[in-house]
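Descriptive structure summary
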Amino acid sequence: AIEVWRGHHVAPDRAVIKSAETQSLYQSSDFACGIEEADISSELAAALRLITEVRVSDLVAHLREIRNQGNSFDMANVLSVYRTLAGFCSEVVTWQSRVGDLTAEDLRQRFSDGPGLVCLSPCQWRKPTELFSGKDIFHKPEKFVPAGNAYHHLWRALGIGKPKLLDCIRYCRDLAGRTYSCSADAALIDIYRYMESLKPHEERRRLKTLPLACARAWTGQRPIYFVHDRELRDQMAAALPSERFWTPPCDVRDMPELTKALDLAFLNPTVTVMADLQSALDFGETLRIRFQRSVDHLSNELARNDPTSREKLGITWDELRNIPLFLYDEPFAVAVADPQIKMGVVQIALRALFSQIPRALHLVHSATGLRDFGGRVVASLFARDVQRHVEAEWSASWLASEEVPVERMRFASDEEHAEALAELARKTESGSSGKIRVTAPANRPPSAKPRSLK
């Protein structure tokens, strides 16, 4: 027997040798009297089975004592125990791997005892099977263990992993059972982006019936239509209340795998402007100089700060300066039709539209400088990966061009860019019809008769 506290004697395997490490866990009554770490060799201590370091089984027992004490415990102490346990765990863990004096299987069983031994907040204990690791994509702090490298190996040893696709699907279905709210948007943004990162597998078929938000109401019934243009989508949904249009919480163009798996009906509707085009074109010409100043300002700012984005314009900068501009005092009428919707032609009103054939910008005057309208249609002429950036830059350029003259800057890359676009157009037209169409030079504005300014 070994003497410990106040003349008490215990078996050697219950006596602790005092050191900086053991003092962090064991009480004064546990230490062997008169024996320090330097007084005994590791071989003799091992032969006597003395406790010379913190044992995993004791750490787990200490957690159980803290849990059973109820309200009286220190959360910082609990986290310190988890960090110490993590130091005993290796990167790769199997059921029979050793974690100190326990196997990984023993450790998991002890952590699953009763309500569990994972504490995320005072008096709230969980079993490893009830928890996830990684980012809190469900916005439920009570379901996610602390992040950080200090805990990583412990959570791995306990089998606490990141959410799987089926977990995300379950959560989305649970979310759809509640009234739609703005807080749901925040959770869905995290969940959708996380699901896009998961590799495709058999469970993706379950996404075909996943409930989606359509006009702030949940539905799992298909078909569910989707239009990328935000304003056009919202107006079509309002005009066709009997149809279901998905209103995602964020831009989903960088989520091709997810949107494909959701079994959406993608629409590319034909949009025809029904307003008085001649009056709108006359109005647009009265702001041509202001518009060109904005284009020049946008060109200059991108050249100074983001030349890569500047080169992703799908037409030349001269063509953008001189693009036909139709301005309106109020939302203008358009006719929309798509063969996938058996409703014929639907009339709606828009505040911003880019017309491809013929190429033109249609804008409500007051919305020209707004990011979600004027910025959106101008940015639609750029590559998708820079459109959100260009939207904001256009809004800033429109404000800057109100009264301040803008000196137009030309660059060596402009000619090369124009030639590349012309070559691409020739190949496209030649491949589609076998004929070459003649177009006006990029630096010549469309011919138009003189108009009276309002």
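Quick summary incoming for the structure in this document. In this text, all values refer to a predicted model and were calculated from it rather than measured experimentally.

As a further point, take the overall build of the protein chain. Scanning the protein chain from N- to C-terminus turns up 16 helices and 18 strands. Among the 454 residues that make up the protein chain, the fraction classed as buried is 44%. A sequence separation of at least 24 residues applies to 66% of the contacts in the protein chain between residues at least 6 apart. In the structure as shown, the protein chain presents an accessible area of about 24,700 Å², 51% of it carried by carbon and sulfur atoms.

Glancing now at the sheet that holds strand 15 (residues 332-337). Strand order in this open sheet of three strands is 13-15-16, and the pairing throughout is antiparallel. Of all strands in the sheet, those bounded by a partner on one side alone are strand 13 (270-273) and strand 16 (346-350). Across the sheet, the mean angle separating the axes of adjacent strands is 35 degrees when strand polarity is ignored. Here strand 13 pairs with strand 15 via four bridges, running antiparallel. The residue bridging Thr270 from the neighbouring strand is Ala337, located in strand 15. Against the sheet, helix 8 (residues 230-239) contacts strand 13, strand 15 and strand 16, and its axis sits at roughly 135 degrees relative to strand 16.

To continue, consider the layout of surface pockets. Looking at the largest pocket, its volume works out to about 1,400 Å³. If you go around the largest pocket, you meet 48 residues; those closest to its centre are His228, Asp229, Leu232, Arg376 and Ser380. Residue assignment for the lining of the largest pocket shows that the elements contributing at least two residues are helix 8, strand 13, strand 17 (352-355), strand 18 (360-364), helix 14 (371-379) and helix 15 (387-400). Examining the composition of the lining of the largest pocket, we find that six residues originate from one element, helix 8, more than from any other. Residues belonging to the lining of the largest pocket are distributed by class as follows: 23 nonpolar, eleven polar and 14 charged.

Core analysis: the biggest nonpolar cluster contains 52 residues, and Met236, Phe245, Leu320 and Phe382 have the highest contact counts within it. Contacts of Phe382, omitting those with residues within four sequence positions, involve Leu298, Leu302, Ser309, Arg310, Lys312, Leu313, Gly314, Trp317, Gln387 and Val390. Core analysis: the next-biggest nonpolar cluster, separate from the first, contains 36 residues, Phe138, Ala176, Ala184 and Leu262 among them.

For the rest of this paragraph, the subject is the packing of helix 14 against helix 15. Packing of helix 14 against helix 15 leaves a shortest axis separation of 8 Å and a crossing angle of 120 degrees. By the angle between their directions, the pair helix 14 and helix 15 is classed as oblique. Considering the relative orientation of helix 14 and helix 15, their crossing is right-handed. Residues Arg371, Asp372, Gly374, Gly375, Arg376, Val378 and Ala379 of helix 14 touch helix 15, and the partners they reach there are Gln387, Arg388, Val390, Glu391, Ala392, Trp394 and Ser395. Residue composition of the contact of helix 14 with helix 15, grouped by class: five nonpolar, four polar and five charged.

Quick look at the sheet that holds strand 14 (residues 325-328) now. Strands in a sheet are paired, the pairing made by backbone hydrogen bonds, and the direction either parallel or antiparallel. An order of 14-18-17 is seen for the three strands of this open sheet, with the pairing classed as mixed. In this open sheet, the two strands that pair with only one neighbour each are strand 14 and strand 17. For this sheet, the mean angle separating the axes of adjacent strands, direction not counted, is 10 degrees. The pairing of strand 14 with strand 18 spans four bridges and is parallel. Opposite Tyr328, over in strand 18, you have Val364 as the bridge partner.

What follows covers the packing of helix 3 (residues 75-88) against helix 5 (residues 149-157). Running from amino to carboxyl end, helix 3 crosses helix 5 at an angle of 70 degrees, the nearest separation of the two axes being 7 Å. Taken together, the axes of helix 3 and helix 5 lie roughly perpendicular to each other. When you trace helix 3 past helix 5, the crossing you get is left-handed. Here Leu79, Tyr82, Arg83, Leu85 and Ala86 of helix 3 come into contact with helix 5, specifically with Ala150, Tyr151, His153, Leu154 and Trp155. Along the lines of polarity and charge, the residues of the contact of helix 3 with helix 5 split into eight nonpolar, one polar and one charged.

Turning to empty space enclosed by the protein, a few remarks are in order. Tallying each qualifying case throughout the model produces one cavity of 30 Å³ or more. As a volume, the largest cavity reaches approximately 50 Å³. Residue lining of the largest cavity: Met236, Leu240, Val336, Ala337, Asp338, Ile341, Met343, Gly344 and Val346, and that is the complete set. Residue classes in the lining of the largest cavity are distributed as seven nonpolar, one polar and one charged.

Glancing now at helix 5. Of all the positions in helix 5, only Tyr151, Leu154, Trp155 and Ala157 are classed as buried. Buried positions in helix 5, seen along its axis, are confined to an arc of 160 degrees and lie on one side of it. At the C-terminal side of helix 5, Gly159 shows a positive phi close to 75 degrees.

Okay, helix 15 next. Here helix 15 is 14 residues long and its end C-alpha atoms lie 20 Å apart, about the 20 Å a rise of 1.5 Å per residue gives. For helix 15, the complete set of buried residues consists of Gln387, Val390, Glu391, Trp394, Ser395, Ser397 and Trp398. For helix 15, the angular spread of buried residues about the axis comes to 165 degrees, placing them on one side. On its buried side, helix 15 packs onto helix 8, helix 11 (288-305) and helix 14.

This part takes up the pairing of strand 18. In terms of residue burial, strand 18 counts as a mostly covered element, since five of its five residues are buried. A two-sided burial pattern is seen for strand 18, the buried positions comprising Ala360, His362 and Val364 on one face and Leu361 and Leu363 on the other. Where strand 17 meets strand 18, four bridges bridge the pair, whose relative direction is antiparallel. Bridge pairing links Ala352 to Leu363 in strand 18.

Rules and cut-offs
- Residues numbered from 1 in each chain as written.
- Predicted model: local features only at pLDDT ≥ 70, side-chain atom pairs only at ≥ 80, totals over all residues.
- Heavy atoms only, no water.
- Helix = DSSP H or I, 4+ residues; strand = E, 2+ residues; numbered from the N terminus.
- Buried < 20%, exposed > 50% of the residue type's maximum accessible area, 1.4 Å probe, protein only.
- Contact = heavy atoms within 4.5 Å.
- Areas by Shrake-Rupley, 256 points an atom, 1.4 Å probe, with all protein chains shown as cover.
- Pairing = 2+ DSSP bridges.
- Axes fitted to C-alpha atoms, helices over the stretch in contact; angles between N-to-C directions.
- 1 Å grid on protein atoms, 1.4 Å probe; cavity = no way out; pocket = protein on both sides within 12 Å on 5 of 7 lines; lining within 4 Å.
- Points joined across faces, edges and corners; volume = space filled by probe spheres on them.
- Nonpolar A, V, L, I, M, F, W, Y, C, P; charged D, E, K, R; others polar.
- Core = buried A, V, L, I, M, F, W, Y, C linked by side-chain atoms within 4.5 Å.
- Parallel < 35°, antiparallel > 145°, perpendicular 65-115°, else oblique.
- Left-handed = near helix turned anticlockwise from the far one by under 90°.
- Arc of directions from axis to C-beta.
- Expected span 1.5 Å × (residues − 1).

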